[in-house]
Number of protein chains: 2
Amino acid sequence: MLPTLDAFDLAILDILQRDNTVSQRAIALAVHLSAPAVQRRIRRLRESGVIRAEVAVLDANRLGRPLTLLVEVHVHDEHPLRTAGLRQRIAAEPAVQQCYAITGEADYLLVISAATMADYQALSERLFGGDDNVRRFRTSVALSCLKSGLQVPIERDAAAP
Amino acid sequence: MLPTLDAFDLAILDILQRDNTVSQRAIALAVHLSAPAVQRRIRRLRESGVIRAEVAVLDANRLGRPLTLLVEVHVHDEHPLRTAGLRQRIAAEPAVQQCYAITGEADYLLVISAATMADYQALSERLFGGDDNVRRFRTSVALSCLKSGLQVPIERDAAAP
DNA sequence: GATGAAATAGCTACAGA
DNA sequence: TCTGTAGCTATTTCATC
């Protein structure tokens, strides 16, 4: 389940995480391999979980969700049992795009997508309202998004001779 | 360039942002449309920018980048001319996955992927070191990632009869 | 890992509502 | 203008070397 990735794998991954619509033939050409070889590697990368998902990235503005909110959450007690409810509500809420447990002053950082501030207010009430383990939360509004992605930097050794 | 999205479009988008390897035929079946109709809609959604990208999401841990860092950056002057350099370095740095200009105490929030703390230290030096407009930056380490994605919540009206 | 055949998906054209 | 049917092209998939 932990296959070592060679330069071919890395080259393939680096293409796919930029654009997974490129054909296996084109990838094969780019990394100097045959198409079936590329296909077998992609299948292994999928099955082993190196490729976690293959998705379309949508424009939130065009879908009526122009707001991105960044929320630092402070809890009284970080103990798993005391935060289970919070974590479950976060997991269940589609508007919460990302959630990190973090070091430092705050305990959690959330990235949230919302249509209106009223919607966010209702959401924050749902997430934090009745939870007496939530000490406080501090919301920042994203004025603009300078960069948005989940791409993992890959050191590009030359792929092949 | 701003086509109104109907229930069919939304249903298609909701499938694709979860898994864009689903065939047009399967989508057609799911949303009760013919495959060519689905294809035409997908093409329009791509061209109009509603679909911003189609990508593979990789597991950073398996690629030797187990660290995620969340960095709040405070600048002296938010004026575009004074922050141009910073924004340019952020854009050029693959390790910076996300960057938001935000309201509140800090001015920017960065999500960064790194292999080691030493690498991050070098990176932060590159990003902020020589810039006298950067007043300070505060780094949090992500202890765990409870949720990770860029999916936009879509209200699922019934797709079609 | 490469080659070639079968299955499948994607694309285009045309007809109809 | 949009959908659906039909037919073609290209890609993926699988067996073999």
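Conventions used here
Residues numbered from 1 in each chain as written. Chains lettered and ligands numbered in written order. Predicted model: local features only at pLDDT ≥ 70, side-chain atom pairs only at ≥ 80, totals over all residues. Heavy atoms only, no water. Helix = DSSP H or I, 4+ residues; strand = E, 2+ residues; numbered from the N terminus. Rg over C-alpha atoms; globule rule 2.2 N^0.38 Å. Buried < 20%, exposed > 50% of the residue type's maximum accessible area, 1.4 Å probe, protein only. Contact = heavy atoms within 4.5 Å. Areas by Shrake-Rupley, 256 points an atom, 1.4 Å probe, with all protein chains shown as cover. Near = heavy atom within 4 Å. Polar contact = N/O pair within 3.5 Å; in protein donor to acceptor, adjacent residues only side chain to side chain. Least-squares fit on C-alpha atoms with pLDDT ≥ 70 in both. Domains from an automatic or database assignment. Pairing = 2+ DSSP bridges. Expected span 1.5 Å × (residues − 1). Arc of directions from axis to C-beta. UniProt positions renumbered as here; feature names shortened; annotations may be inferred. Buried area = accessible area lost by both parts, 1.4 Å probe. Salt bridge = Lys/Arg side-chain N within 4 Å of Asp/Glu carboxyl O.

### A look at the overall build of chain A
Phase 1 of the analysis: Check the secondary structure of chain A and you find five helices and five strands.
Phase 2 of the analysis: Walking chain A from its N terminus toward its C terminus, one meets helices and strands in the order α-α-α-β-β-α-β-β-α-β.
Phase 3 of the analysis: For 161 residues, the compact-globule formula gives about 15 Å, and the C-alpha radius of gyration of chain A, at 20 Å, lies well above that figure.
Phase 4 of the analysis: Expressed as lengths along the three principal axes of its C-alpha atoms, the size of chain A is roughly 60 × 35 × 25 Å.
Phase 5 of the analysis: Here chain A holds 161 residues, and 48% of them are scored as buried.
Phase 6 of the analysis: Residue pairs at least 24 apart in sequence account for 66% of intrachain contacts in chain A once pairs closer than 6 positions are excluded.
Phase 7 of the analysis: On chain A, roughly 8000 Å² of surface is accessible, and the fraction owed to carbon and sulfur atoms is 52%.

### Here we look at the protein's contact with DNA strand C
Phase 1 of the analysis: All residues in the neighbourhood of DNA strand C are listed as A:Leu33, A:Ser34, A:Pro36, A:Ala37, A:Arg40, A:Arg41, B:Ser23, B:Gln24, B:Arg25, B:Pro36 and B:Gln39.
Phase 2 of the analysis: Considering the 4 Å shell around the protein, atoms of DNA strand C inside it are sugar or phosphate in 51% of instances.
Phase 3 of the analysis: Between DNA strand C and A:Ser34 there is a distance of 2.7 Å, counted from a phosphate oxygen to a side-chain nitrogen or oxygen.
Phase 4 of the analysis: Listed by contribution, the elements that provide at least two residues to the surface near DNA strand C are helix H3 (35–47) of chain A together with helix H2 (24–31) and helix H3 (35–47) of chain B.
Phase 5 of the analysis: Take the surface near DNA strand C: its biggest share by element is four residues, from H3(A).

### A closer look at the relation of the copies chain B and chain A
Phase 1 of the analysis: Mapping chain B onto chain A leaves a residual RMSD of 0.1 Å; the transformation is a rotation of 180° accompanied by 0.0 Å of translation along its axis. Such a turn and shift between the copies fits a two-fold axis. Taking C-alpha positions as reference, the residue of chain B nearest the rotation axis is B:Val55, located at 2.8 Å.
Phase 2 of the analysis: Looking at the interface residues of chain B, 100% of them are also at the interface in chain A, so both copies use one shared face.

### Some thoughts on the environment of A:Phe137
Residues and elements named next belong to chain A.
Phase 1 of the analysis: Tracing the chain through its elements places Phe137 in strand S5 (residues 134–147).
Phase 2 of the analysis: On the basis of relative accessibility, which here comes to 33%, the residue Phe137 falls in the partly exposed class.
Phase 3 of the analysis: Measuring from C-alpha to C-alpha, the distance between Phe137 and Val55 comes to 31 Å, with 82 residues separating the pair along the chain.
Phase 4 of the analysis: The residues touching Phe137, leaving out its near neighbours within four places in the chain, are Val71, Glu72, Val73, Tyr120, Ser124 and Phe128.

### Let's talk about the domain arrangement of chain A
Phase 1 of the analysis: Its domain assignment divides chain A into domain 1 (7–56) and domain 2 (61–141).
Phase 2 of the analysis: Between the C-alpha centres of domain 1 of chain A and domain 2 of chain A the distance comes to 35 Å.

### Let's talk about the pairing of strand S5 (residues 134–147) of chain B
Phase 1 of the analysis: Sheet topology places strand S3 (residues 96–102) of chain A next to S5(B); four bridges connect them, and they run antiparallel. Bridge pairing links A:Cys99 to B:Lys147 in S5(B).
Phase 2 of the analysis: Note: strand S2 (residues 67–75) of chain B against S5(B), seven bridges, orientation antiparallel. Looking across to S5(B), one finds that B:Val71 is bridged to B:Thr139.

### Quick look at H3(B)
All names here are of chain B.
Phase 1 of the analysis: With 13 residues, H3 should cover 18 Å at 1.5 Å per step; its first-to-last C-alpha distance of 18 Å lies within 8% of that length.
Phase 2 of the analysis: Among the residues making up H3, those that are buried are Ala37, Val38, Arg41, Ile42 and Leu45. The buried residues of H3 all sit within an arc of 135° when viewed along its axis, so they share a single face. Those residues of H3 that are exposed and aimed more than 90 degrees away from the buried face are Arg40 and Glu47.
Phase 3 of the analysis: Positive backbone phi, at 90°, marks Gly49, one or two positions downstream of H3.

### Considerations on the UniProt feature "domain: HTH asnC-type" (unreviewed entry) in chain A
Phase 1 of the analysis: With numbering matched to this structure, UniProt assigns "domain: HTH asnC-type" (unreviewed entry) to residues 5–66 of chain A.
Phase 2 of the analysis: Taken end to end, residues 5–66 of chain A has its terminal C-alpha atoms 39 Å apart, with 50% of it in helix and 13% in strand.

### Details of the interface of chain B and chain A
One frequently used descriptor of interface size is the decrease in accessible area upon assembly of the parts.
Phase 1 of the analysis: Taken together, the contacts link 68 residues of chain B with 68 residues of chain A.
Phase 2 of the analysis: When the two sides are added together, the surface that chain B and chain A hide from each other amounts to roughly 6300 Å², 58% of it contributed by carbon and sulfur.
Phase 3 of the analysis: Along the contact surface separating chain B from chain A lie six salt bridges.
Phase 4 of the analysis: Counting across the chain B and chain A interface gives 47 residue pairs in polar contact (both at pLDDT 80 or more).
Phase 5 of the analysis: At the level of secondary structure, the elements contributing two or more residues to the side of chain B that touches chain A comprise helix H1 (7–16), strand S1 (51–58), S2, helix H4 (80–92), strand S3 (96–102), strand S4 (108–114) and S5 of chain B.

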